[in-house]
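Given next are the chains, with one letter for each unit.
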Amino acid sequence: MTRTVSGARVLITGAAMGMGRLYAERAVAEGAKAVILWDRDPAALAVTAAILNERSDGRSQVTPYVVDIADLGAIAQAAQRVRMEVGNPDIVINNAGIVRGSYFWEHDNGDDTRPTMQVNALAPMYITREFLPAMIEGTGRESRIVNIASAAGMLSTPRMSVYAASKAALIGWSDSLRLELTQQGHGQVKVTTVCPSYISTGMFEGARGPLFTPLMTPEHVVDRVWRAMLAGRPRLLMPWTVGLSSAVRGLLPLPAWDLVAGRVFGVYRSMDAFTGRR
């Protein structure tokens, strides 16, 4: 699997559009045995599945499932259908996510905070738990779990408090899972935790990249993630300034870091013009 996903079953959440669709296109192009698409938007999912089926020309089994991953029961039901109709995936890409760009006191508990934590933090755990046992008990075939987190889970940013909390939770769980698998001798299952800065998708419309951190294109990010996933790389930070900022944050006293992040790099003003996509 260090070179291609040919012959593998690949499951992608948030697969109807954006980066999820790009991951699916990559899987089809490399001849994956099955490309399993999860999304809550039935119309967009149908369009994406039709396009991918046409491109696949029968080489890949493209199977769409309408799933609201904020619902634990829906995840369990869809996972059972996948196991029965397609087979257990060799690769799970936990790509789906949502963001609410407002101050914490402007978040509604039911409409904002709860779904953000459910989709960004809990759903990847629930989904991975459904398919991980078969990966562990497999016949030696390499498996991959890719968790799309965010630099926001490593560096605090105003107007992203709940989103940052959800991604911090995802990072902590994802890397702990990696260590558990290694410790228990399940090295054939590799976990990659991805922490990107802002990406030029509708999800972060209006956000402004900090100093030396321009908005990345979805195509660039997907290519980097794909290569890291195939190689079984444990963590991917991008661009390079994310790793640098994290290191500097660990060295400086908090007041000094706040000054550097806020006034020099502009991190704390990066969401001022955010409009996003709900």
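To start, this report covers the structure provided alongside it. Just so we're clear, the structure is a prediction, and the values are computed from it rather than from any experiment.

**Here we look at the overall build of the protein**
Okay, step 1: Within the protein, the secondary structure is distributed over 8 helices and 7 strands.
Okay, step 2: On the principal axes, the C-alpha backbone points of the protein span a range of 55 × 40 × 30 Å.
Okay, step 3: A burial count over the protein gives 50% of its 278 residues as buried.
Okay, step 4: Pairs at least 24 apart in sequence give 73% of the contacts found in the protein among residues at least 6 apart.

**Things to note about helix H7 (residues 240-251)**
Okay, step 1: Taking 1.5 Å of rise per residue, the 12 residues of H7 would be expected to cover 16 Å, and the 17 Å separating its terminal C-alpha atoms lies within 8% of that figure.
Okay, step 2: Taken residue by residue, H7 has Thr-241, Val-242 and Ser-245 as its buried positions. Along the axis of H7, the buried positions cluster into a sector of 105°, meaning they face one direction only. More than 90 degrees from the buried face of H7, the exposed residues found are Trp-240, Gly-250 and Leu-251.
Okay, step 3: Residues of H7 that are buried make contact with strand S6 (189-196), strand S7 (235-238) and helix H8 (254-264).

**Describing the pattern of salt bridges**
Between side chains of opposite charge, a pair can form as their charged atoms come close.
Okay, step 1: Taken as a whole and assessed by the stated rule, the structure comprises 11 salt bridges.
Okay, step 2: For Asp-223, the salt bridge is made with Arg-26, and the minimal N-O distance between the two is 3.1 Å. Of this pair, Asp-223 sits in helix H6 (residues 218-231) while Arg-26 sits in helix H1 (residues 18-29), and the two are 197 residues apart along the sequence.
Okay, step 3: Residue Asp-223 is classed as partly exposed on the basis of its relative accessible area, which comes to 26%.
Okay, step 4: Using a relative accessible area of 23% as the deciding quantity, one classes Arg-26 as partly exposed.
Okay, step 5: Between Arg-178 and Asp-175 there is a salt bridge, with its nearest N and O atoms 2.7 Å apart. Of this pair, Arg-178 and Asp-175 are both found in helix H5 (residues 161-183), 3 residues apart, which corresponds to roughly one turn of the helix.
Okay, step 6: With relative accessibility at 24%, the residue Arg-178 sits in the partly exposed group.
Okay, step 7: A network of salt bridges, in which partner residues are shared, links Arg-26, Glu-30, Asp-223 and Arg-227.

**Overview of the sheet that holds strand S5 (residues 143-148)**
Okay, step 1: Strand order in this open sheet of 7 strands is S3-S2-S1-S4-S5-S6-S7, and the pairing throughout is parallel. At either end of the open sheet lies a strand with only one pairing partner, and these are strand S3 (61-66) and S7. Pairs of neighbouring strands in the sheet enclose a mean axial angle of 15°, with direction left out of account.
Okay, step 2: Direction of pairing for strand S4 (residues 91-94) relative to S5: parallel, over a ladder of 4 bridges. Across the sheet, the residue bridging to Asn-94 is Asn-147, located in S5.
Okay, step 3: H6 rests against S4, S5, S6 and S7 of the sheet, and its axis sits at about 160° to S7.

**Some remarks on the pairing of strand S2 (residues 34-39)**
Okay, step 1: With 6 of 6 residues buried, S2 lies mostly within the body of the structure.
Okay, step 2: By the alternation rule, side chains of S2 split into Ala-34, Ile-36 and Trp-38 and Val-35, Leu-37 and Asp-39, which are all buried.
Okay, step 3: Note that strand S1 (residues 9-13) and S2 share 5 bridges and pair parallel. Across the sheet, the residue bridging to Thr-13 is Trp-38, located in S2.
Okay, step 4: Handedness of the crossover joining S1 and S2 through H1 is recorded here as right-handed.
Okay, step 5: Relative to S3, S2 is paired through 6 bridges, and the arrangement is parallel. Across the sheet, residue Asp-39 finds its bridge partner in S3, namely Val-66.
Okay, step 6: Read as a crossover between parallel neighbours, the route from S2 over helix H2 (residues 42-56) to S3 is right-handed.

Quick notes on the rules
- Residues numbered from 1 in each chain as written.
- Predicted model: local features only at pLDDT ≥ 70, side-chain atom pairs only at ≥ 80, totals over all residues.
- Heavy atoms only, no water.
- Helix = DSSP H or I, 4+ residues; strand = E, 2+ residues; numbered from the N terminus.
- Buried < 20%, exposed > 50% of the residue type's maximum accessible area, 1.4 Å probe, protein only.
- Contact = heavy atoms within 4.5 Å.
- Expected span 1.5 Å × (residues − 1).
- Arc of directions from axis to C-beta.
- Salt bridge = Lys/Arg side-chain N within 4 Å of Asp/Glu carboxyl O.
- Pairing = 2+ DSSP bridges.
- Axes fitted to C-alpha atoms, helices over the stretch in contact; angles between N-to-C directions.
- Right-handed = clockwise from strand over helix to strand, strands pointing away.

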